[in-house]
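# Report on the structure
This is what each chain is made of:
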Amino acid sequence: MNKNNTSGQQERILFVTGRLAEFSLREILEKLAPQMGFEYEVAVLNVQVAALLHVPLIQRRLQVPAGIDWVMLPGMCQGDLQVLSDHFGIPFQRGPKDHFDLPEYFGQADRPPRDLSRFDIEILAEINHAPLLSNEAILQQAELYRDSGADLIDVGCIPGESWSRTGEVVRMLVEAGHRVSIDSFDRAEVEAAVSNGAELILSCNHTNLDWVSKLGVEVVAIPDLPEDFNSLCRIVDQLLQSNTPFRVDPILEPIGYGFATSLERYYRARREFPDFEIMMGIGNLTELTEVDTAGMNLILAAICQELRIKSVLATEVINWARTAVAEFDHARRLVKYAIDNKSLPKHIHYQLVMLRDPKLKQLGTEALQKLATQIRDPNYRIFAEGNELHVMNRDGYWKGTDPYELFDQFQAAASKTVDASHAFYLGYEMCKALTALTLGKQYQQDQPLNWGFLTQEEISAQERRREEGKGPQCGPR
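Residues numbered from 1 in each chain as written. Predicted model: local features only at pLDDT ≥ 70, side-chain atom pairs only at ≥ 80, totals over all residues. Heavy atoms only, no water.

## Observations regarding the environment of Ala-43
Put simply, the test is: Helix and strand assignments come from DSSP, with helices taken as H or I runs of at least 4 residues and strands as E runs of at least 2, each series counted from the N terminus. Exposure classes here rest on a 1.4 Å probe applied to the protein chains alone. A residue is buried below 20% of its type maximum, exposed above 50%, and partly exposed in between. In what follows, residue pairs with any heavy atoms lying within 4.5 Å of each other are defined as contacts.
In this structure, Ala-43 sits in strand E2 (residues 39-44). On the basis of relative accessibility, which here comes to 12%, the residue Ala-43 falls in the buried class. Apart from the residues lying within four places of it in its own chain, the contact partners of Ala-43 are Leu-14, Phe-15, Val-16, Thr-17 and Leu-62.

## Describing the packing of helix H5 (residues 135-148) against helix H6 (residues 166-175)
Note the threshold: Angles here are taken between N-to-C directions and fall from 0 to 180 degrees, while the axes themselves are lines fitted to C-alpha atoms, restricted in helices to the stretch in contact. If an angle is under 35 degrees, it is roughly parallel; if it is over 145, roughly antiparallel; if it lies from 65 to 115, roughly perpendicular; otherwise it is oblique. Crossings are assigned a handedness: left-handed for a near helix turned anticlockwise from the far helix by less than a right angle, right-handed for a clockwise turn. When residues are grouped by polarity, Ala, Val, Leu, Ile, Met, Phe, Trp, Tyr, Cys and Pro land in nonpolar, Asp, Glu, Lys and Arg in charged, and all others, Gly among them, in polar.
Contact pair H5 / H6: the axes reach a minimum separation of 11 Å and the direction vectors enclose 40 degrees. Accordingly, the angle class assigned to the pair H5 and H6 is oblique. Here H5 and H6 pass one another in a crossing that is right-handed. Residue-level inspection shows Asn-135, Ile-138, Leu-139 and Ala-142 of H5 in contact with H6, the latter providing Glu-168, Val-169, Met-172 and Leu-173. Class assignment of the residues belonging to the contact of H5 with H6 gives a composition of six nonpolar, one polar and one charged.

## Focus on the packing of aromatic side chains
Spelled out, the test is: Note on ring pairs: Phe, Tyr and Trp rings are taken, using the six-membered ring of Trp, and paired if centres are within 6.5 Å. Classes follow the plane angle, with under 30 degrees stacked, over 60 edge-to-face and the rest tilted.
By the definition in use, this model includes 11 aromatic pairs. Aromatic side chains Phe-229 and Phe-273 sit 6.1 Å apart centroid to centroid with 15 degrees between the ring planes, which places their arrangement in the stacked category. Of this pair, Phe-229 sits in helix H9 (residues 229-241) while Phe-273 sits in the loop between helix H10 (259-272) and strand E11 (279-281), and the two are 44 residues apart along the sequence. The pair Phe-229 / Phe-273 is uniform in exposure class, with both members buried. Taken together, the aromatic side chains of Phe-15, Phe-38, Tyr-105 and Phe-106 make up a single cluster linked through ring pairs.

## Things to note about the layout of surface pockets
Put simply, the rule reads: Think of a 1 Å grid over just the protein atoms. A cavity is a set of points where a 1.4 Å probe fits yet cannot get out, a pocket is an open set with protein on both sides within 12 Å along at least five of seven lines, and lining residues have an atom within 4 Å of a point. Grid points are joined across faces, edges and corners, and a volume is the space filled by probe spheres set on the points.
Estimates place the volume of the largest pocket at around 1,000 Å³. Contributing to the lining of the largest pocket are 30 residues, with Asp-101, Glu-104, Tyr-350, Lys-361 and Asn-450 lying nearest its centre. Classifying every residue of the lining of the largest pocket gives 10 nonpolar, 11 polar and nine charged. Of the pockets and cavities examined, the second largest pocket occupies roughly 790 Å³. In terms of lining residues, the second largest pocket is bounded by 32 residues, among which Glu-126, Asp-183, Ser-203, Asn-284 and Leu-313 are the most central. Among the elements of the structure, strand E8 (200-204), E11, helix H11 (283-286) and strand E12 (311-314) are those that each provide at least two residues to the lining of the second largest pocket. Grouping the amino acids of the lining of the second largest pocket by side-chain chemistry returns 15 nonpolar, nine polar and eight charged.

## Section: the pairing of strand E9 (residues 218-221)
Our working definition: By definition, two strands form a pair when at least two bridges between them are found by DSSP. Every crossover in which the path from the first strand over the helix to the second runs clockwise, viewed with the strands pointing away from the viewer, is termed right-handed.
Residues Glu-218 and Val-220 point to one face of E9 and Val-219 and Ala-221 to the other, with burial holding for every one of them. Direction of pairing for E8 relative to E9: parallel, over a ladder of four bridges. Bridge pairing in E9 places Cys-204 opposite Ala-221. As defined by bridge partners, E9 adjoins strand E10 (residues 246-248) across three bridges and the pair is classed as parallel. Within the sheet, the bridge partner assigned to Val-219 lies in E10 and is Phe-246. As a crossover connection, the stretch from E9 through H9 into E10 is right-handed.

Here is the structure:
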């Protein structure tokens with residue numbers, strides 16, 4: 001919607017809500033309207049919870065004041081809004097699910113959506129110790145990697161052993177539509193892989209240069225020893241002489257084994273090989289550092305993007321790196337957008353903000369106390385603010401840090417015994433709320449916690465009860 005109506009005046013917006021959200025909504029609009037240049041009115045319909053609003057109810061109860069340009073409904077409002085637009089003769093639209101998101105909603109309204117479809121860093125995802133896996137397990141892992149964003153499946157063999165099924169497995173993967181590389185120095189394994197469709201060999205140094213350069217496929221050139229950059233230069237010269245296609249990997253070393261120095265080698269490689277493709281094996285950092293990997297993948301993607309390193313080798317062996325491929329996929333898109341648009345990688349998308357949330361929205365002490373005095377039904381409302389859990393209904397307002405103690409307190413004060421299903425619901429919600437407090441995440445009752453791209457949608461308790469035709473005893477505000 002435009003900030004001005006056709007007469008050139010500031011547009012007037014009617015915000016529709018329920019009784020319990022009125023106080024905090026008005027507080028937000030009081031600050032937001034002057035900033036964004038609109039005038040507003042608030043219509044409070046005779047329902048406690050704004051999320052329970054639906055089109056037939058609004059059509060019956062809403063009165064639209066004169067001079068309103070359009071109406072904003074809560075984001076969870078059910079039904080066809082065109083019915084309301086036709087009935088009242090002005091546009092209706094849904095706002096965000098949470099009215100605390102209104103500032104961001106209006107700030108983003110006129111911006112085109114970010115295009116995060118572009119990237120130019122290829123992901124090789126390694127199936128580690130493939131000889132120990134069944135064909136079914138190898139295919140399953142390859143499909144998982146592809147779904148996570150991998151462009152090429154790397155078949156990782158076991159050093160010092162020779163695997164007789166290499167060719168069979170590579171052919172199986174190729175027939176399933178995968179691009180494949182082979183990660184081995186064993187000649188029999190590599191030749192079998194290449195003859196069955198492998199398009200890239202990891203890796204090539206002076207120990208196998210004489211025969212690997214004759215196989216007619218691309219190789220990854222590495223130094224004989226990570227610190228011996230001159231050996232990498234000699235290998236590159238020989239690959240050029242034999243017309244063997246290659247990409248260069250100066251070897252990323254783990255922290256404690258020359259990590260910073262190895263980064264310098266990538267800068268040197270880009271200076272000395274300005275037109276050659278470079279690859280980075282990022283698993284040496286993500287697998288060998290005890291920390292959540294999303295942040296590391298973003299930093300590594302940024303280094304690769306700025307140095308024009310066009311491929312990475314990723315792995316998901318250790319549990320803390322179990323989503324490393326998908327993390328790098330999101331990271332390569334984010335840094336590509338940021339660098340192409342000369343912008344910070346901030347406020348673009350939040351898919352890699354997983355442990356904590358980008359921001360916290362809180363009612364505050366005054367609003368919580370006011371809300372507690374307004375509730376006239378037995379439904380429990382749960383909040384997580386100020387390092388405490390807050391639970392309230394018509395029987396009282398309880399707060400604390402121990403959900404067991406809180407449960408005992410509101411059970412003792414309850415005018416009606418909480419049955420088993422609702423006790424389960426309350427326990428589940430308080431568990432989510434306590435998790436949010438612990439990690440610094442946003443908690444909203446009856447909604448899933450936000451885990452970035454790992455978030456799984458939940459069927460809310462309200463939706464379940466609506467489908468079952470039951471009234472809620474425990475519900476969101």
